Amino acid sequence: MPLGGVVTVLGPNGAGKTTLLRSLATVQKPSSGAIHIDGLDVSIEPDRTEARRRIGYLPQDPEFAPRATVFDVVDYLAICKEHRDRRRRHLEVRRVLDAVEMTDRAGDRIASLSGGMVRRVALAQALLGSPRLLVLDEPAAGLDPDQRLRLRDMLSTLGERATVVVSTHLTDEAAAVSSAVLVVDGGVLRFHGSPAQLTSRAQGHVWVSAQPPVVARRTWRLPDGSHRCIGDPPPDAHLVTPTMEDGYLMLVSDPAAAVAA
Amino acid sequence: MVEQEWTDADDQALLARIARGDRAALETLYRVHAGWVTARLSRRCGEAELVDTALQDTFLAVWKSAKKYKREGDVGAWIWGIAVRRLIDQMRKRKPTPMDVLPLRTTSTASAEQELMDVAVGGELGAAFADLEPELQQVLVATAVDGLSTKEAADLLGIPQGTVKTRLMRARERMRATLP
Amino acid sequence: MTDLPLDPQLAQRYATGQLSTAEAVQVEQAMDRSGQWRALVGTHVPAERLDLNFMAIAVELDAPKRGRVERVMVRLGLDEHVARLMAATPVLRRSWYLASFLVLFFGLAAAGTENTGSIGFFLAVAPIVPVLGVALAYGPAVDPAHDMTVATPVSGFRLLLLRSVAVLATSVVFGGVAAVIVAPDHGLEVLAWMLPALALTAATLALATVVPTRSAAGVTIGVWLVVVTIVGQAATDLTLFGGIAQPIYLALAVIAGIVVVMRREVFEVAGVGA
């Protein structure tokens, strides 16, 4: 995997995105194969500990002790990340809480936060120490469009100095910020390339027709009554420019598609 | 550069507000004093990290003990007295030595060394001080200028207390010898 | 005496460390007398440095106070960050202290009122306390942020050990206090549960490398109670805690300890102790 940039992992729910990200974050052993981060083999010590010094991880459903305060849980994880000097550590905690706009809630108990806020706290702890590899499982979940935009901005900025691996099922989200896209389906890597390459998969396969198609793989009705479809052309159809979502749908709807890398 | 003179009365007023828990007052006091305190600490310790920690500790201590400040002497001198001792704490932590309770000497009490110092650097004896060996100058500065005990001076300079005492005696003799 | 006239160049050379001690002392004495001199010297310290230091001060003023347990640990000489790692567990809370103290206290109180023979009940129950504590000290079942912790460089094995030590230590202290209060005349046999406690705790940790920590604790406690019951019926109450038995507990603890150390790897990824 190249260093730097935002790498988005796309795939249907239950396709193995979380498993892939957990393995990348060294939380779980991969069922097969080996994970190397910066040339470090995470299955053995002391490489794994060294790799963990460079990782920030946001799990899919982060939780914290409900009675602890926001500051406490992030401070605790900062200790786990070897920020020993109390005062510098507190500065770093403050910095990451600022980054996710949670400074005002620093003294509040976790139990008093909404689900979205808990996710932001979890994102904050992932940012501790400015890791070189950020593994973020569904960071956009539960955010409103405005917050999503700010997240997008943050990911792009982070991507300048770190590799940011993000899972999402929002293809627009991925198209907006990614320098590379992975598509996993059924636990298998189906695609690895740039957003443009993924889009080009659907080139010449996306149609709009007045009649409901019979042979298309995926089809939906547009507001004007016409039908947009992906796959073989229906009668009286005309080709349209595909989006990345089309490329993605093209890929996951084709069980015979070869693994591309 | 220096617009209008900031007076000790202004400092006293700030301390009174800090004693009531006014964070803005702490920040103002910090803006007035942190610069020179940093510069002065840096002359006693080359490690910026220790100086920064000592500076932070100083103003945290000011925040906590503003109530205890007695209106004797200058607030600046009071702050410096805290700062140099916090620096000593940092030096001790770096090189662990048995901790004992520090007798807090106020910098305002003029000791024999201090009077000597005033005469020396202010008057015609400036040259005599300048002629002293650097290590003798160091102990004189620590004890006479900073008002530290010999124990504190020893920790600040990283030398045994006995050495501080002998050097101090030598410095005094040398300075006295040049007195008319 | 004459005051040193304000001299921006001299101030600049002072602040950048270019003055000899003799010259510097003159500047410092001027600073002691004049706010203008202080301000002048202060301008030569970078504003960013001062800003950062003030931020550190502000954050420190906002930072939550340390918990009581942590303060005790720090006073006992532990590093602040180690104390936090140890204390950040649901076990080291008031409810746990209270529960374990009450078990030990009443266990002993029940024994203390009758003859020495009934102290066997206390000795049988007491070792269970630290085992329960260890079961509640670490792992995904008790730490909702376990996944995030696992992804950090901190060693899960080290965390588990730190907290087990803390749990054992509090149990021993409470057991000792309870003994002094309730049964000062019982003599040394009120301490006879300590090696069994160590052995059971170590056995729990060893089992926890195979099954979740809570199941491991359950198995250990179950086996212990069965042994206590059987031996208690066959022989006297105190056979299990006599001079022959104690070295066996020590040996058990050592063997279990070796197993734990050899298999410590399993504590470094998620999914253990679930």
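Our subject in this report is the structure included herewith. Computed from a predicted structure; not experimentally measured.

## Here we look at the overall build of chain B
Each helix and strand in chain B was counted, giving nine helices and zero strands. In chain B, the order of α-helices and β-strands from amino to carboxyl end is α-α-α-α-α-α-α-α-α. Residue burial in chain B is summarised as follows: out of 180 residues, 41% are buried.

## Brief notes about the overall build of chain A
For chain A, the helix and strand inventory stands at nine helices and twelve strands. Once the C-alpha set of chain A is aligned to its principal axes, its extents read approximately 70 × 40 × 30 Å. Put simply, 65% of the contacts in chain A that link residues at least 6 apart link residues at least 24 apart.

## Concerning the sheet that holds strand S1 (residues 5–10) of chain A
Residue and element names in this part refer to chain A. In spatial order, the strands read S4-S5-S6-S1-S7-S8; together these six strands make up an open sheet with mixed pairing. The open sheet has two edge strands with one neighbour each: strand S4 (55–58) and strand S8 (188–193). The average angle at which neighbouring strand axes cross in this sheet is 15°, direction not considered. Alignment of S1 against strand S7 (residues 180–185), held across four bridges, turns out to be parallel. In the strand pairing of S7, Val 9 is matched with Leu 182. The strands touched by helix H6 (residues 145–158) are S1, strand S5 (133–137) and strand S6 (163–167); relative to S6, the strand with the most contacts, the crossing angle is about 145°. Contacts from helix H9 (residues 244–252) reach S1, S7 and S8 within the one sheet, and its direction differs from that of S7 by about 30°.

## A word on the interface of chain C and chain B
Put simply, an interface is often sized by how much accessible area is lost when its parts join up. Taken residue by residue, the interface counts 32 residues in chain C and 35 residues in chain B. Among the elements of the structure, helix H1 (8–15), helix H2 (21–33), helix H3 (35–42) and helix H4 (47–62) of chain C are those that each provide at least two residues to the side of chain C that touches chain B. Residue contributions to the side of chain C that touches chain B peak at nine residues, all from H2(C). Classifying every residue of the side of chain C that touches chain B by side-chain character gives 17 nonpolar, eleven polar and four charged.

## Focus: the environment of Thr243(A)
Residues and elements named next belong to chain A. As for its position among the elements, Thr 243 is in the loop between strand S12 (238–239) and H9. On the basis of neighbour counts, which here come to 17 C-beta atoms within 10 Å, the residue Thr 243 falls in the partly exposed class. In this structure the C-alpha to C-alpha distance between Thr 243 and Ala 202, which are 41 residues apart in sequence, comes to 8.0 Å.

## Brief notes about the sheet that holds strand S11 (residues 227–230) of chain A
Residues and elements named next belong to chain A. One open sheet holds the four strands; their spatial order is S10-S11-S9-S12, and the pairing between them is antiparallel. One side of each edge strand has no neighbouring strand; the edge strands of this open sheet are strand S10 (218–221) and S12. In the sheet, strand S9 (residues 206–209) pairs with S11 via four bridges, with the strands oriented antiparallel. Bridging from a neighbouring strand, Trp 207 pairs with Cys 229 of S11.

## A look at H4(C)
Between its first and last C-alpha, H4(C) extends 22 Å over 16 residues, near the 22 Å set by a 1.5 Å rise per residue. Check the buried side of H4(C) and you find it contacts helix H4 (86–99) of chain A together with helix H2 (23–42) and helix H3 (48–65) of chain B.

## Topic: the packing of helix H9 (residues 128–135) of chain C against helix H12 (residues 194–207) of chain C
A pair of packed helices is characterised by two quantities: the angle between their axes and the separation of those axes. Residues and elements named next belong to chain C. Running from N to C, H9 and H12 point in directions that differ by 25°, and their axes come no closer than 8 Å. Taken together, the axis directions place H9 and H12 in an arrangement best described as roughly parallel. Crossing hand, H9 versus H12: right-handed. Residues Pro 130, Val 131, Val 134 and Ala 135 of H9 form the contact with H12, whose own contacting residues are Ala 197, Leu 200, Thr 201, Thr 204 and Leu 205.

## Observations concerning the packing of H4(A) against helix H5 (residues 115–127) of chain A
Residue and element names in this part refer to chain A. As a packed pair, H4 and H5 sit with axes 8 Å apart at the nearest point and diverge in direction by 130°. Judged by the angle between their axes, H4 and H5 are oblique. Taken as a pair, H4 and H5 cross one another with a handedness that is right-handed. Counted together, Val 96, Leu 97 and Ala 99 of H4 and Ala 124, Gln 125 and Leu 127 of H5 form the full contact between these two elements.

## Things to note about the environment of Arg89(A)
Residue and element names in this part refer to chain A. Residue position: Arg 89 is located in helix H4. For the pair formed by Arg 89 and Val 74, sequence separation is 15 residues and the distance between their alpha carbons is 9.9 Å. Arg 89 has contacts with Asp 75, Ala 78, Ile 79 and His 83, leaving out every residue within four places of it along the chain.

Reading the values: rules and limits
- Residues numbered from 1 in each chain as written.
- Chains lettered and ligands numbered in written order.
- Predicted model: local features only at pLDDT ≥ 70, side-chain atom pairs only at ≥ 80, totals over all residues.
- Helix = DSSP H or I, 4+ residues; strand = E, 2+ residues; numbered from the N terminus.
- Buried ≥ 20, exposed ≤ 12 C-beta atoms within 10 Å, placed from the backbone.
- Contact = placed C-beta atoms within 7 Å.
- Pairing = 2+ DSSP bridges.
- Axes fitted to C-alpha atoms, helices over the stretch in contact; angles between N-to-C directions.
- Nonpolar A, V, L, I, M, F, W, Y, C, P; charged D, E, K, R; others polar.
- Expected span 1.5 Å × (residues − 1).
- Parallel < 35°, antiparallel > 145°, perpendicular 65-115°, else oblique.
- Left-handed = near helix turned anticlockwise from the far one by under 90°.

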